Amino acid sequence: MRIVHCALDLRAAVDAARAAGDSIAFVPTMGNLHAGHHSLLHRAREHAGFVVASVFVNPTQFGPNEDFARYPRTPEADAAGLAAQGCDLLFLPGVDEIYPLGAEAAVRVHVPGVTESLEGAIRPGHFDGVATVVAKLFNLVRPDVAVFGQKDYQQLLVIRRMVRDLAFPLEILAAPIVREANGLAMSSRNQYLDAATRDRAGAIHATLLAMQAAIHAGTMQRDQIEAMACAQLEQAGFLPDYAVLRRADDLSEPVGDERAGLVALIAARSGRTRLIDNLLIR
Ligand code: AMP
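Note that the coordinates shown come from a computational prediction; the quantities given were computed from them, not determined experimentally.

Engineer: Help me get a handle on the packing of aromatic side chains, residues and values and all.
Structural biologist: Across all of its chains, the model carries 6 aromatic pairs by this definition. Ring geometry for phenylalanine 62 versus phenylalanine 68: centroids 5.3 Å apart, planes at 65 degrees, classification edge-to-face. Given a relative accessible area of 11%, phenylalanine 62 falls into the buried group. Taking the centre distance of 5.8 Å and the plane angle of 75 degrees together, the rings of phenylalanine 62 and tyrosine 71 count as edge-to-face. One exposure class covers both phenylalanine 62 and tyrosine 71, and it is buried. The aromatic ring of phenylalanine 68 is capped on one face by arginine 73, whose charged end is 4.8 Å from the ring centroid.

Laid out in C-alpha cells, this is it:
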C-alpha cells in the first residue's frame with residue numbers, strides 16, 4: 001500500500017491505476033480505524049480494482065465544544081490495518097492540503113432538508129462540514145464508487161443527496177453497521193467509555209430492537225414507542241438526545257400510522273461521550 005499526503009501524488013497514483021484499467025473505489029474516514037471501517041474497505045474491493053482510503057480528521061465538521069482536539073489520531077496503526085486489509089492507496093492529507101485558504105475561509109457545501117433535523121439540529125454546521133470535505137475529497141480522488149457506513153445514517157442520506165444534486169459522477173454504496181458482541185455499534189468514540197459503560201452501551205442496540213419489535217407488534221403509537229425507548233436508555237444510564245422513528249428515505253416524520261419504510265435512530269450521551277446508532281425496520 002502506498003501512502004500519499006498531497007493532491008498531486010494522489011492524482012498521479014489514481015491516474016496510473018485508471019490507465020492500467022482499474023476502476024476506483026474510495027473509503028473516506030477520520031481514522032482510528034476499527035472493524036467497521038475495514039468492512040467498508042471489503043465492500044469497496046468488491047466493486048473496484050483499486051481501493052483508496054483517506055484518513056482526515058476534518059475540523060469543519062466539529063462544533064466549537066466538540067471533541068476535535070481529543071479525537072483519537074492513530075495514523076501508524078491505521079496505515080498498518082489498511083495495508084493488511086488490502087487497501088491500495090492511503091491519502092493522509094494535512095489540513096492545509098484540504099483547506100489551502102484556511103478552514104474558516106473555505107467554500108461550504110450546504111445540503112438543505114435532510115440536514116435540518118436530528119444530528120443537524122443538535123450539531124449546527126456539522127453536515128456543512130461533512131458535505132464540504134466529502135465534495136473536496138471526491139474531486140481529489142475522482143472515484144467510480146465511494147462507500148459509506150449505515151452507522152451514520154443521516155450522513156449517508158446527506159451524501160447521496162449531494163451527489164445527486166451536484167451530479168458527482170460516482171455511485172454511493174452503503175455498508176451495514178458492524179457491532180461489538182454486546183450490540184454496541186463500533187465507533188472511534190467508544191474508547192472514551194470505561195469498561196462498565198461500554199458494557200451498558202449494549203442497551204442502545206437493545207433499545208433499537210425493542211422499537212422494531214413494538215412496530216411489529218402494532219399495539220403502540222409511534223410517540224409511545226419513542227417514549228419507551230427514551231425510558232429504556234435512561235434506565236441504562238444514558239441521556240437520550242433523541243430516540244425516534246422516521247421515514248428511512250428522507251428522515252421526515254411518518255404520517256399517521258405508517259409502519260413500513262421506517263428507520264429507528266438514537267443519539268445518547270454518557271458523560272461527555274455521545275453515541276449514535278440506528279436500525280432499518282424490517
Ligand atoms: P468515521 O471515521 O467515523 O468518520 O467513519 C468513516 C466511515 O466509516 C463512515 O462512512 C462511517 O459511517 C463508517 N463507519 C463507522 N463506524 C462504522 C461501523 N460500526 N459499521 C460500519 N461502518 C462504520
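Engineer: Explain the sheet that holds strand S4 (residues 89–91) to me, using residue names and the numbers behind them.
Structural biologist: The 6 strands are arranged S1-S4-S3-S2-S5-S6 in an open sheet whose pairing can be described as parallel. At either margin of the open sheet sits one strand with a lone partner, and together these are strand S1 (2–4) and strand S6 (171–175). Going from strand to strand, the sheet's axes swing by 25 degrees on average, the running direction of each strand aside. Pairing geometry for strand S3 (residues 50–55) and S4, over 3 bridges, is parallel. Within the sheet, the bridge partner assigned to serine 54 lies in S4 and is phenylalanine 91. Lying over the sheet, helix H7 (residues 153–165) contacts strand S5 (145–149) and S6, oriented at roughly 170 degrees with respect to S6.

Engineer: Requested: an account of the environment of glycine 49, with residues and values cited.
Structural biologist: Assignment of secondary structure puts glycine 49 in the loop between helix H2 (35–47) and S3. Glycine 49 gets classed as partly exposed once you look at its relative accessible area, which sits at 34%. Here the alpha-carbon distance between glycine 49 and alanine 135, two residues 86 residues apart in the chain, equals 22 Å. Setting aside its immediate chain neighbours within four residues, glycine 49 contacts Asp22, Ser23 and Asp88.

Engineer: Talk me through the pairing of S6; I want residue IDs and the actual numbers.
Structural biologist: Here S5 runs beside S6; their pairing, made up of 5 bridges, is parallel. What sits directly across from phenylalanine 148, in S6, is alanine 174. Read as a crossover between parallel neighbours, the route from S5 over H7 to S6 is right-handed.

Engineer: Quick rundown of helix H3 (residues 75–84)? Include the residues and the values.
Structural biologist: Where H3 is concerned, the buried positions are Asp78, Ala79, Gly81 and Leu82. Down the axis, H3 shows its buried residues gathered within 165 degrees of arc, on one side only. Exposed residues lying more than 90 degrees from the buried face of H3 are Glu76, Ala77 and Ala84. Against the buried residues of H3 lie S1, H2, S3 and S4. Downstream of H3 by one or two residues, glycine 86 has phi in the positive range, about 85 degrees.

Engineer: Now, about the site of the ligand: what can you tell me, with residues and values included?
Structural biologist: Among the 17 residues in the neighbourhood of the ligand, the closest are listed as Met30, Gly149, Asp152, Val178 and Met186. Between the ligand and the protein, one listed contact pairs an oxygen atom with a backbone N or O atom of glycine 149 at 2.8 Å. Here a nitrogen atom of the ligand and a backbone polar atom of valine 178 are 2.9 Å apart. When isolated, the ligand has an accessible area of 480 Å², and the protein chains bury 92% of it. Of all the elements in the fold, those that place two or more residues in the shell around the ligand are strand S2 (24–29), H2 and S5. Considering each element in turn, the shell around the ligand owes the most residues, 3 residues, to H2. Residues that form the shell around the ligand fall into these classes: 9 nonpolar, 6 polar and 2 charged.

The rules behind each value
- Residues numbered from 1 in each chain as written.
- Predicted model: local features only at pLDDT ≥ 70, side-chain atom pairs only at ≥ 80, totals over all residues.
- Heavy atoms only, no water.
- Phe/Tyr/Trp six-rings, centres within 6.5 Å; stacked < 30°, edge-to-face > 60°.
- Buried < 20%, exposed > 50% of the residue type's maximum accessible area, 1.4 Å probe, protein only.
- Lys NZ or Arg CZ within 6 Å of the ring centre and 35° of its normal.
- Pairing = 2+ DSSP bridges.
- Helix = DSSP H or I, 4+ residues; strand = E, 2+ residues; numbered from the N terminus.
- Axes fitted to C-alpha atoms, helices over the stretch in contact; angles between N-to-C directions.
- Contact = heavy atoms within 4.5 Å.
- Right-handed = clockwise from strand over helix to strand, strands pointing away.
- Arc of directions from axis to C-beta.
- Near = heavy atom within 4 Å.
- Polar contact = N/O pair within 3.5 Å; in protein donor to acceptor, adjacent residues only side chain to side chain.
- Areas by Shrake-Rupley, 256 points an atom, 1.4 Å probe, with all protein chains shown as cover.
- Nonpolar A, V, L, I, M, F, W, Y, C, P; charged D, E, K, R; others polar.

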